[in-house]
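So the chains spell out like this:
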Amino acid sequence: MNPAKPLTVGVGGLGAIGLAVAKALDAGIPGLVLKAVSARDKASAAQRVASFKSKPAVVDLAGLAELCDIVVECCPSKEFGAIMEPAIARGRIVLPLSVGALLERGDLIERARETGARLIVPTGALLGLDAVRAAAEGEIRSVKMVTRKPPGGLKGAPYLA
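Residues numbered from 1 in each chain as written. Predicted model: local features only at pLDDT ≥ 70, side-chain atom pairs only at ≥ 80, totals over all residues. Heavy atoms only, no water.

Asker: Help me understand the nonpolar core in this model?
Answerer: Nonpolar side chains in soluble globular proteins tend to end up buried together. If you look at the biggest cluster of nonpolar residues, it comprises 19 residues, and the most contacted ones within it are Leu64, Phe80, Ile83, Met84, Ile88 and Leu108. When residues of this core are assigned to their parent elements, the largest contribution, five residues, is made by helix 4 (residues 80-89). Residue contacts for Ile83: discarding those within four places in its chain leaves Gly12, Leu61, Leu64, Val71, Val72, Glu73 and Cys75. The next biggest cluster of nonpolar side chains, apart from the first, holds 15 residues, and it includes Val9, Leu34, Val72 and Ile93. (Core = buried A, V, L, I, M, F, W, Y, C linked by side-chain atoms within 4.5 Å. Buried < 20%, exposed > 50% of the residue type's maximum accessible area, 1.4 Å probe, protein only. Helix = DSSP H or I, 4+ residues; strand = E, 2+ residues; numbered from the N terminus. Contact = heavy atoms within 4.5 Å.)

Asker: What is the right way to look at unusual backbone geometry in this model?
Answerer: Backbone geometry follows two general trends: most residues other than glycine have a negative phi, and most peptide bonds adopt the trans configuration. With a phi close to 45°, Lys55 is a non-glycine residue in the positive phi region. Along the chain, Lys55 turns up in the loop between helix 2 (42-48) and strand 3 (57-58). Judged by its relative accessible area of 53%, Lys55 falls in the exposed class.

Have a look at this one:
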């Protein structure tokens, strides 16, 4: 890859998180350009990005891997494989936001090793734990963490009833 050429990014899923990621990319992040988005309802997805200045392509989940250097997975867990498998097969950089789904799909990690794909796992809600670990240089007497996730966002997650 040419370092002067921006990396193209595809966002799979345009719910609350995916749309926020797509908007941030559209607003401009140095070195990155929003190339494509995907959602179950392509017509709705097209409406959601109609006002974007970058005018990303609206494609199916597998299409993100064909068009983009980086694929950001923001889908419901049942769609996890549909976005991850093609991206890993093409050796893309993949940011899975449904990282819990990797627990059931260890095969994807092995496949990434074979294809040269890079899985970048964001810490998400664990960011607070990183801060606690950094603060542990001193004496910690108490920690109170509050995190919020809409219950619907956990639907279908592995190991959750």
